[in-house]
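Summary of the model geometry
Chain residues, written in single-letter form:
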Amino acid sequence: MVAARRRSRQIMVGNVPVGGDAPVSVQSMTTTLTADVNATLQQIAELTASGCQIVRVAVPSQDDAEALPAIAKKSPIPVIADIHFQPKYVFAAIDAGCAAVRVNPGNIKKFDDKVGEIARAAQDAGVPIRIGVNAGSLDKRLLEKHGKATPDALVESALWECSLFEEHGFRDIKISVKHNDPVVMIQAYRKLAAACEYPLHLGVTEAGPAFQGTVKSAVAFGALLSEGIGDTIRVSLSAPPVEEVKVGTAILESLGLRERGLEIVSCPSCGRAQVDVYTLAEQVTAGLKDFPVPLRVAVMGCVVNGPGEAREADLGVASGNGKGQIFVKGEVIKTVPESQIVETLIEEAMRIADDMGIE
Ligand code: SF4
């Protein structure tokens, strides 16, 4: 079991609560030009369908800022505007109906100190702010002080950024302290969690292509979430954003922080296997894709661990001698020839869904 959740202030990102006792939410970021409203809304629709709960869009130009009202209005999930340096886009995002803004007030202060005005506008509109500290864009002053983007440097930067809003009485904040090294990132979030009550947005920044980024994110988020740290997550991959949502959702599912959909418990196969476990697991996964009921299905290659795992699952098969023993809820219900294992498992899964009254 994961540790009890750290106590954090709850904020509302549109209709999605973040922090407090709210479930950990999954978010992603569009890769389209934000100014291209149709393409951006299309990608948001795909993200929503894959389970994304909050979406962030980059706002680097006036054209992007002008697209925000249409995007915020038509998006089925809350939209966060990601803004650097330009206070005027922050006001535009708030006016546009964006659910939140990511902005680092330290940047705003450097160029045009409008932090107080932003705090008031956000407060009046009920719009929270994410302060997103990133190792790659750490304040020069802190880089000089700490030598590099250490956990202490990231936390000091985040708390300083928060203080700029706190001076104006603004506290509807969530924070991220991202680093591409999961070890540094984990330490930074642990320190930050101990130092403040703000909800935390977890992220390993520039995590890399899909495989590497998935591993890094799973390791880092797994460590922190199992300690009760983290209120919303974004997996960053050099891959389509839908993949980020799938990975984020799977991480929450594997920690028991979200109800699992289909879970295949399949063995890695070994010299004892009496069936092609890889093919069998793939066929069962494909056959039960989009299955409407949470289901744990064991696909095991022989009789050593097979019956034990199959018995523990909702549904399972232990293979051997060209046959498969089919288990439902811990009981062997039949033994079928190897060629009928997949279809039998799918039929039994349908029967379980029927019994639950789900079509
Ligand atoms: Fe090998 Fe059997 Fe274990 Fe699969 S269940 S890994 S085939 S011993």
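Everything numeric here is computed off the predicted structure, so don't read it as measured data.

Conventions used here
Residues numbered from 1 in each chain as written. Predicted model: local features only at pLDDT ≥ 70, side-chain atom pairs only at ≥ 80, totals over all residues. Heavy atoms only, no water. Pairing = 2+ DSSP bridges. Helix = DSSP H or I, 4+ residues; strand = E, 2+ residues; numbered from the N terminus. Expected span 1.5 Å × (residues − 1). Buried < 20%, exposed > 50% of the residue type's maximum accessible area, 1.4 Å probe, protein only. Contact = heavy atoms within 4.5 Å. Polar contact = N/O pair within 3.5 Å; in protein donor to acceptor, adjacent residues only side chain to side chain. UniProt positions renumbered as here; feature names shortened; annotations may be inferred. Salt bridge = Lys/Arg side-chain N within 4 Å of Asp/Glu carboxyl O. Near = heavy atom within 4 Å. Nonpolar A, V, L, I, M, F, W, Y, C, P; charged D, E, K, R; others polar. Core = buried A, V, L, I, M, F, W, Y, C linked by side-chain atoms within 4.5 Å. Axes fitted to C-alpha atoms, helices over the stretch in contact; angles between N-to-C directions. Parallel < 35°, antiparallel > 145°, perpendicular 65-115°, else oblique. Left-handed = near helix turned anticlockwise from the far one by under 90°. Right-handed = clockwise from strand over helix to strand, strands pointing away.

Right, let's get into the sheet that holds strand S10 (residues 232–234). Taken in spatial order, the eight strands make up an open sheet running S8-S7-S6-S5-S4-S3-S10-S9, and their pairing is parallel. Edge positions in the sheet fall to strand S8 (173–178) and strand S9 (201–202), since each has one partner strand and no second.

With 14 residues, helix H8 (residues 182–195) ought to run about 20 Å at 1.5 Å a step, and its terminal C-alpha atoms sit 20 Å apart, in line with that. Of all the positions in H8, only Pro-182, Val-184, Met-185, Ile-186, Ala-188, Tyr-189, Leu-192 and Ala-193 are classed as buried. Tucked inside the fold, the buried residues of H8 contact helix H7 (151–166), S8, S9 and helix H9 (210–226). Where H8 begins, the side chain of Asp-181 points an oxygen toward the backbone nitrogen of Val-183, at a separation of 2.8 Å.

Moving on to the UniProt feature "binding site: [4Fe-4S] cluster" (unreviewed entry) in the chain. As recorded in UniProt, the feature "binding site: [4Fe-4S] cluster" (unreviewed entry) lies at Cys-267, Cys-270, Cys-302 and Glu-309. Position of Cys-267 relative to the elements: it lies in the loop between strand S11 (262–266) and helix H11 (277–287). We classify Cys-267 as buried; its relative accessible area is 18%. Beyond its immediate stretch of four places on either side in the chain, Cys-267 contacts Val-277, Val-299, Met-300 and Gly-301. By the secondary structure assignment, Cys-270 is in the loop between S11 and H11. Its relative accessible area of 43% is what places Cys-270 among the partly exposed residues.

Using the criterion set out here, one finds 19 salt bridges in the structure. A salt bridge links Asp-231 to Arg-5; the shortest N-O distance between them is 2.9 Å. Here Asp-231 is found in the loop between H9 and S10, whereas its partner Arg-5 is found in the segment before strand S1 (11–13), with 226 residues between them in sequence. With a relative accessible area of 27%, Arg-5 lands in the partly exposed category. One salt bridge in this structure joins Arg-56 and Asp-82, with 2.4 Å as the shortest N-O distance. Of the two residues, Arg-56 sits in strand S4 (residues 54–58) while Asp-82 sits in strand S5 (residues 79–82), which places them 26 residues apart along the sequence. Of the two residues examined, Arg-56 and Asp-82, each falls in the buried class. A network of salt bridges, in which partner residues are shared, links Arg-5, Arg-6 and Asp-231.

This part covers the site of the ligand. Neighbouring the ligand are the residues Cys-267, Pro-268, Ser-269, Cys-270, Arg-272, Ala-273, Met-300, Gly-301, Cys-302, Val-304 and Asn-305. Split into classes, the residues belonging to the shell around the ligand amount to seven nonpolar, three polar and one charged.

Let us look at the nonpolar core. With 76 residues, the main nonpolar core has Val-101, Ile-129, Phe-165, Ile-175, Met-185 and Phe-221 as its most contacted residues. Core analysis: the second largest hydrophobic core is formed by 31 residues, Ile-326, Val-336, Ile-346 and Ala-353 among them.

It is worth spelling out the environment of Glu-166 at this point. Within the element layout of this structure, Glu-166 appears in helix H7. Polar contacts involving the side chain of Glu-166 include one to the side chain of Tyr-198, which spans 2.5 Å.

Moving on, we come to the packing of helix H1 (residues 37–49) against helix H10 (residues 241–254). Direction vectors running N to C along H1 and H10 enclose 20°, while the axes themselves pass 9 Å from each other. Judged by the angle between their axes, H1 and H10 are roughly parallel. In terms of crossing hand, the pair formed by H1 and H10 is right-handed. Residues Gln-43, Glu-46 and Leu-47 of H1 form the contact with H10, whose participating residues are Pro-241, Val-242 and Val-245. In terms of residue class, the contact of H1 with H10 is built from four nonpolar, one polar and one charged.

The next point concerns the pairing of strand S3 (residues 25–29). The element S3 is extensively covered by neighbouring structure, given that five of its five residues are classed as buried. Neither face of S3 is exposed, since Ser-25, Gln-27 and Met-29 on one face and Val-26 and Ser-28 on the opposite face are all buried. Two strands pair when backbone bridges link them, and S3 and S10 are joined in this way by three bridges, in the parallel orientation. Paired with Val-26 across the strands is Ile-233, a residue of S10. In this sheet, S4 lies alongside S3 in parallel orientation, the contact comprising three bridges. Following the sheet pairing, Gln-27 is matched in S4 by Ile-54. Considered for its hand, the β-α-β crossover made up of S3, H1 and S4 is right-handed.

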